[in-house]
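A closer look at the structure
Letter by letter, the chains look like this.
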Amino acid sequence: MTDTLRPVETAVLDAADSSQKLKRSIGVVGGTLLTLSCVTPASTLFVIVPDLFSSLGTATALCIAIGALLCIPVAFCYSELGTLIPSAGGEYAIVSTLAGRLAGWLAFVMSLLVVMIVPPVIAMGTADYLAPVIHLDPAFTGAGVMLAATLAGLLDLRANAWITGIFLVLEVVAAGVVAFLGFSHSHRGVSSLGSLQVAGEHAHVNPVTAMMVLSGLAIALFATQGFSTAVYLSEELENPRRNVARTVLATLAISSVVILVPVVAITLGAGDLKALTGGDISSMVIAWSNSAVGTFVSLCVALAIINAGIVMVIQNSRVLFASARDKAWPTPVNTALSRLGRFGSPWVATLVVGVPGAFLCFVNLDTLYGVTGVAVTGLYLLVAIAALLARRGVHGTRKAWRMPLWPAMPVLLIAVLVYILVEQDPSYLAWTGGITAVATLYWAFYLRPRREIRWLVTIPEDVPVPDGTQA
């Protein structure tokens with residue numbers, strides 16, 4: 001039990017072991033571009049938000065706004081913890097160091113669950129938005145996107161920052177076009193954003209209740225998350241003590257605006273409640289303009305999905321790379337996953353992430369959003385707990401960005417996240433709980449008995465280590 005409550009001893013990367021050291025090659029601008037591309041506002045708007053429209057109708061914007069507000073204390077936690085412990089392991093390195101090995105292992109499993117399954121599912125949406133030009137099978141198209149993203153993920157991170165930056169501009173333009181068209185064709189007042197309009201034989205208006213908003217809040221959190229990518233990239237960011245926090249907060253602000261403004265515009269501009277609750281955004285765009293504009297927007301969304309795939313593969317490969325470097329697996333697996341290629345990227349880990357992702361495009365994943373929503377909420381809960389522990393002992397004196405209103409921020413966040421978890425669908429809780437149980441058994445029977453040689457959290461050599469830890 002003590003493994004779950006006390007900070008673990010932190011290892012420092014041996015400067016001579018360059019085979020396990022990532023290269024610092026990007027600044028705050030490049031980091032923000034990559035992180036924004038992982039949030040991928042346009043694909044979130046066109047792929048994830050329609051599910052919220054179907055259940056919440058005109059209250060979708062309110063739900064996303066609450067989710068974005070709730071993400072502010074989450075972003076504060078990530079900013080402080082990411083500058084305190086800048087590791088490619090992201091949440092698991094942070095939670096392991098501050099809350100113990102078991103908690104860190106569960107954070108790793110939660111993050112891996114989110115980032116491994118989501119890319120192929122989003123990738124399958126590419127076919128829908130290429131339909132104005134060519135009709136393709138969603139599964140095969142998604143697999144092709146995943147393989148292309150894997151090839152891009154093998155390149156130098158700086159090159160990927162430019163690629164994803166260009167795609168990001170296009171998707172922001174598409175979101176801007178949708179927002180302009182929606183506002184210029186408004187059919188209802190701003191007051192409708194606080195009510196649930198249900199499409200049926202006789203459309204009627206029901207007031208939004210807290211339960212209605214909570215039912216979609218986990219998905220709203222999932223839609224606005226992604227700023228945590230800055231923490232995964234912290235070993236490749238220049239001056240991480242400063243740039244991690246800047247990247248996290250800038251990404252949350254920009255992505256919230258890019259997602260929320262078009263959602264408000266679509267809600268106000270939708271003349272047909274059936275189209276709104278059916279999530280048929282492309283049809284609304286065509287109705288507001290013409291087929292050429294609709295085709296342009298659809299192609300931009302397709303590029304946004306490809307962009308998201310590239311960044312998610314990059315992010316996920318860093319997580320696997322860090323877990324292997326921290327000896328979470330049997331020795332042959334650790335050796336392979338921690339190997340770096342000629343461009344400085346963890347090429348084996350990249351292939352392990354991308355190739356299975358292509359095969360997942362042929363699997364039925366109907367419960368994906370529900371399960372990932374629960375996983376994101378659980379992951380944020382573990383991070384908030386770590387934030388409460390971040391200022392005790394030697395960690396309180398280390399140089400890092402410090403959040404305002406501590407400890408009120410993490411305490412409030414923990415209370416809200418626990419309530420959100422309690423209100424989720426039992427089947428989604430069961431799926432996530434089952435995966436967590438299996439992960440706990442692996443920790444109990446493999447990692448914990450080998451605690452001296454397995455699951456050793458690594459901090460880059462240029463980051464000061466607290467006194468008394470092992471080098």
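The numbering scheme is per chain: residues are counted from 1 as the chain's sequence reads. Predicted model: local features are reported for residues with pLDDT of at least 70 only, side-chain atom pairs are reported and counted for 80 or more only, and whole-chain, interface and lining totals are derived from all residues. For side-chain calculations, the full set of non-hydrogen atoms in the structure is used, while hydrogens and water are omitted.

Counting its secondary structure elements, the protein chain contains 19 helices and four strands. The buried share of the protein chain, taken over its 471 residues, is 58%. Every residue pair with non-hydrogen atoms within 4.5 Å of one another is taken to be in contact. Taking the contacts inside the protein chain whose residues are at least 6 apart along the sequence as the reference set, 83% of them involve residues at least 24 apart. For the protein chain, the accessible area works out to roughly 17,800 Å², and carbon and sulfur atoms hold 69% of it. Numbering of helices and strands starts at the N terminus; helices are DSSP runs of H or I of at least 4 residues and strands are runs of E of at least 2. For every residue, the accessible area (1.4 Å probe, protein chains only) is compared with the maximum for its type, and the residue is labelled buried under 20%, exposed over 50%, or partly exposed between those bounds. Using a 1.4 Å probe, accessible areas were evaluated by the Shrake-Rupley method; residue-level cover was limited to the displayed protein chains.

Turning to the pattern of salt bridges, a few remarks are in order. Salt bridge criterion: a side-chain nitrogen from Lys or Arg within 4 Å of a carboxyl oxygen from Asp or Glu. Applying the stated rule across the entire model yields two salt bridges. In this structure, a network of salt bridges that share partners links the residues Glu80, Arg391 and Arg402.

This paragraph deals with the packing of helix α2 (residues 41-56) against helix α14 (residues 291-325). Any two packed helices are characterised by the angle at which their axes cross and by the distance between the axes. In contact at an axis separation of 8 Å, α2 and α14 are set at 110 degrees when each is read in the N-to-C sense. With respect to α14, the axis of α2 lies roughly perpendicular. Seen along the crossing, α2 lies across α14 with a hand that is left-handed. From α2, Ala42, Ser43, Phe46 and Val47 reach across to α14, where they touch Val297, Val301, Ala304, Ile305 and Ala308. In this count, Pro and Cys sit with the nonpolar residues alongside Ala, Val, Leu, Ile, Met, Phe, Trp and Tyr, while Asp, Glu, Lys and Arg are called charged and the others, Gly among them, polar. Looking at the contact of α2 with α14 residue by residue, the classes come out as eight nonpolar, one polar and no charged. A fitted line through C-alpha atoms represents every axis, and for helices the fit uses only the stretch in contact; the resulting angles, taken between N-to-C directions, go from 0 to 180 degrees. Our angle categories are set so that under 35 degrees counts as roughly parallel, over 145 as roughly antiparallel, 65 to 115 as roughly perpendicular, and the remainder as oblique. Crossings are assigned a handedness: left-handed for a near helix turned anticlockwise from the far helix by less than a right angle, right-handed for a clockwise turn.

Right, let's get into the confidence of the model for the protein chain. Scored by pLDDT, the protein chain has a mean of 79; 83% of the residues are at 70 or more. Here strand β1 (residues 11-12) stands out as the element of the protein chain with the lowest mean pLDDT, 46, in contrast to helix α19 (residues 426-447), whose mean of 92 is the highest. For every residue, the pLDDT score states the predictor's confidence, bounded by 0 at the bottom and 100 at the top. Every residue in residues 1-19 scores below 50 in pLDDT, and together they form 55 contacts with partners more than four places removed in sequence or on other chains. With pLDDT under 50 throughout, residues 462-471 is counted as low confidence; its partners more than four residues away or in other chains account for 18 contacts.

A cluster of nonpolar side chains, namely Leu147, Trp347, Leu351, Val355 and Phe359, defines an oily patch on the protein surface of about 450 Å² accessible area. The element best represented in the nonpolar patch is helix α16 (residues 347-360), accounting for four residues. Mapped onto the fold, valine 355 is located in helix α16. Patch definition: residues with relative accessible area over 30% and no salt bridge; like charges joined within 9 Å; nonpolar side chains (Val, Leu, Ile, Met, Phe, Trp, Tyr) joined within 5 Å.

Any helix carries an expected span of 1.5 Å times its number of residues minus one. Helix length check: helix α5 (residues 101-123) (23 residues) gives 34 Å between terminal C-alpha atoms against 33 Å at 1.5 Å per residue, within 8%. Counting buried positions over the 23 residues of α5 gives 21, a clear majority of the element.

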